[in-house]
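A structural walkthrough
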Number of protein chains: 2
Amino acid sequence: MQWNKTLEEIKIYEAGKPIELVVREFGINPADVVKLASNENPNGCSIKVTEAIAKNAHKASLYPDDSFYELKDLLAKKWQVNDNNIIIGCGSDQVLEFVSRALLDETSCVLMSKVTFAMYEVYAKQMGTKIIRTPSYQHKADEFIEAYHKHKPKIVYICTPNNPTGDGIKKVDVLKIINAVDKETMVVVDGAYMEYAGAKDEAYKITPNDILDYENVIYLGTFSKAYGLGGMRVGYGIANEQVISQLLKMRPPFNITTLSLISAIEALKDEEFVQNSIFTHFTELKRYEEFADKNGLKYIESYTNFITYLFDKHDSTKINDELFKNGVIVRNLASYEMNAIRITVGTDKQNSRLFEMLERLL
Amino acid sequence: MQWNKTLEEIKIYEAGKPIELVVREFGINPADVVKLASNENPNGCSIKVTEAIAKNAHKASLYPDDSFYELKDLLAKKWQVNDNNIIIGCGSDQVLEFVSRALLDETSCVLMSKVTFAMYEVYAKQMGTKIIRTPSYQHKADEFIEAYHKHKPKIVYICTPNNPTGDGIKKVDVLKIINAVDKETMVVVDGAYMEYAGAKDEAYKITPNDILDYENVIYLGTFSKAYGLGGMRVGYGIANEQVISQLLKMRPPFNITTLSLISAIEALKDEEFVQNSIFTHFTELKRYEEFADKNGLKYIESYTNFITYLFDKHDSTKINDELFKNGVIVRNLASYEMNAIRITVGTDKQNSRLFEMLERLL
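None of the values given here were measured: they were computed from a predicted structure. (Residues numbered from 1 in each chain as written. Chains lettered and ligands numbered in written order. Predicted model: local features only at pLDDT ≥ 70, side-chain atom pairs only at ≥ 80, totals over all residues. Heavy atoms only, no water.)

Okay, the side chain of Asn39 of chain A next. Residues and elements named next belong to chain A. Topologically, Asn39 is positioned in the loop between strand S1 (34-35) and helix H2 (47-55). At 2.9 Å, the side chain of Asn39 and the side chain of Tyr193 are in polar contact. In this view, Asn39 contacts Asn163, Tyr193, Lys225, Asn305, Phe306, Arg342 and Thr344; residues no more than four positions away in its chain are not counted. (Helix = DSSP H or I, 4+ residues; strand = E, 2+ residues; numbered from the N terminus. Polar contact = N/O pair within 3.5 Å; in protein donor to acceptor, adjacent residues only side chain to side chain. Contact = heavy atoms within 4.5 Å.)

Now the structure itself:
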């Protein structure tokens, strides 16, 4: 069987290790496992969502309203855009996939920061596209603009705040990059964790409305992080109508579940949950900074719901594996060529457990 | 913005009209709407599933186990295959998308029956691939083999029982097609409705195990129909390990939701629900045959959970639209160039309503 040539370069993506794996491999009681690896919301999700799921469980047999009428309507109101500026994805990941498949081929290249969200590369490689990276893991406007002029990429990915490092790029610098590229280059502003950055510092806050007038920019948002719906797989892209009408051609029907649709709608009706989550988060984040200072660890200042600890005297893989054996799951960044671990800021209790275990290893 | 050339040929897929639309457009009470348009299971799903959803609603915030360990394990036992023979999709649709993207390009063509599942064409067109169709809407082995020799398609789609017509093709004829094509052609055996065909007539029953020894055949199954999980979006492909390992390269992480995973696992533990659904279905299907005979309507003998009425004196679009205005949603097949409507066999009460409304229009 002759498979498409692009498949030769693709490795199968391995997601963060699930709780079930630790339970299976080390026989640890599921209740004792602390998972701080996937940037889920440690507060769960709004009770309005869980109540709606329970109440509508019988709708599991029914396909969703594939127009996503009510969800788009609420999103449009929230962001002051129109329904036809919105595309819904199975996570914002899927919108990334649509963008990639609609624009890339084997002759194009894409530009991203040295260390950033893994799926940009995965989806580009599926199209046989070349990957260009800036020298720094931080998003530096000058580096992006220089690389843009040199390589003329078809897509520029700006992940702010950045995953898996946690740093952000100011709105003024994002606009500098956008204004430097011509209209044949699509700029993806991935705001999956934007709720956190925006709450921390107004200068880092970017909304879909900031980019709507550009004909070559798309903003990505998600319900997986601040809204606490990681397991429901709902994200969205917002852009001008021409961009959305092209991307809709790549969208399969019923790409989110009936209960995901209901969940996202309910989540948008409880912004208070999001604000409370963010408030609690920043209180707990402070403990991570204090722990690092106390133990002589370096860290990247976080604009999001996780923190990245940088090691010099220790080996991140060794620390990651020791934590794992003890039922504490974090994300080793060795595969990103960083001697670092990314830790989701959890609940008070989860964080205390992490500190206790990590302190033993330092 | 220069979009990929293949997009020029793609129209946006329009799914069956949802209940919400009828409610919005005609102000009909949702409880009075009878939707027999999307081949959902009129019995809903197993109570084990709805209970598990309600109990696990709080897991909405947690990503699923992306290895799908437990689900694959249960499927492997059910079908007597190994875990590495299985790929999970967001509906079996998504597995079709993986196959298409892994094998097709602008130089290839694909072969399918004259009238068949719309997504084969949609996914092939996304790759810029040419569509070849057999002369008949029925799957006739000789027509497939003749067209195969003439066009040497990269993929042959066998949809059995066929959607949207409802007819089936015998296992012996499916194997005739498979044995006629060489190993550079992938044969997709789409068994989305196979539970119904297999229950009706053993000669039409094909299982994944029947095709596992072929290195160029994949069987598709779904939880959307007999298992009653249309809204949860879970399907699967089963093939030899080499095929699956290639397709996994196209699978995005977390492509089904946490509650979808839980639902599919629970659904597999209640085969009695499936058997009962199928039994009730065939009792109700008989009423559709009797109604047709009584009213001088032709129909295609159904091997699945819907029936296709063929018109000569009446216009399917007119009938479809009149039913729609009265809150009865069926599927008009005019866009398939058939003067026919496809009706999902519903509950006793839903079917009576359909008969009552339709009788007025004949």
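Anyway, onward from the coordinates.
What follows deals with the confidence of the model for chain A. When pLDDT is averaged along chain A, the result is 95, and 99% of the positions lie at 70 or above. Model confidence for the complex: the whole-complex pTM is 0.97, and ipTM, which rates the interface, is 0.97. (pLDDT = per-residue confidence, 0-100.)

On to the sheet that holds strand S10 (residues 306-310) of chain A. Across a sheet, strands are paired by hydrogen bonds formed along the backbone, either parallel or antiparallel in direction. All names here are of chain A. Overall, antiparallel pairing links the four strands, which are arranged S9-S10-S13-S12 in an open sheet. Every other strand in the sheet has two partners, leaving strand S9 (298-300) and strand S12 (331-332) as the edge strands with one partner each. Pairing of S12 with strand S13 (residues 340-344) involves two bridges; the strand directions are antiparallel. In the strand pairing of S13, Asn332 is matched with Ile341. In the packing of helix H12 (residues 271-294) onto the sheet, contacts are made with S9, S10 and S13, and the angle to S10 comes to roughly 10 degrees. (Pairing = 2+ DSSP bridges. Axes fitted to C-alpha atoms, helices over the stretch in contact; angles between N-to-C directions.)

A few words on the pairing of strand S6 (residues 186-190) of chain B. Residues and elements named next belong to chain B. Most of S6 is tucked away: five of the five residues are buried. Across the two faces of S6 the burial is the same, with Met186, Val188 and Asp190 and Val187 and Val189 all buried. Direction of pairing for strand S5 (residues 155-159) relative to S6: parallel, over a ladder of five bridges. Following the sheet pairing, Val156 is matched in S6 by Val187. For the crossover from S5 across helix H7 (residues 171-180) to S6, the handedness is right-handed. As paired strands, S6 and strand S7 (residues 217-222) are joined by four bridges and run parallel to one another. Residue Val187 lies in a different strand from S7, and its bridge partner there is Val217. (Buried < 20%, exposed > 50% of the residue type's maximum accessible area, 1.4 Å probe, protein only. Right-handed = clockwise from strand over helix to strand, strands pointing away.)

We now examine the interface of chain A and chain B. Many authors give the size of an interface as the accessible area that is lost as the parts come together. Taken together, the contacts link 72 residues of chain A with 72 residues of chain B. In terms of surface lost to chain B, no three residues of chain A exceed Met1, Trp3 and Tyr63 of chain A, which account for 13% of the buried area on that side. The salt bridge partner of Glu97 of chain A is Arg101 of chain B, with a shortest N-O separation of 3.3 Å. Between the two partners, chain A and chain B, sit 30 residue pairs in polar contact (both at pLDDT 80 or more). A total of five residues in the side of chain A that touches chain B trace back to one element, the largest contributor, which is helix H4 (residues 92-103) of chain A. (Buried area = accessible area lost by both parts, 1.4 Å probe. Salt bridge = Lys/Arg side-chain N within 4 Å of Asp/Glu carboxyl O.)

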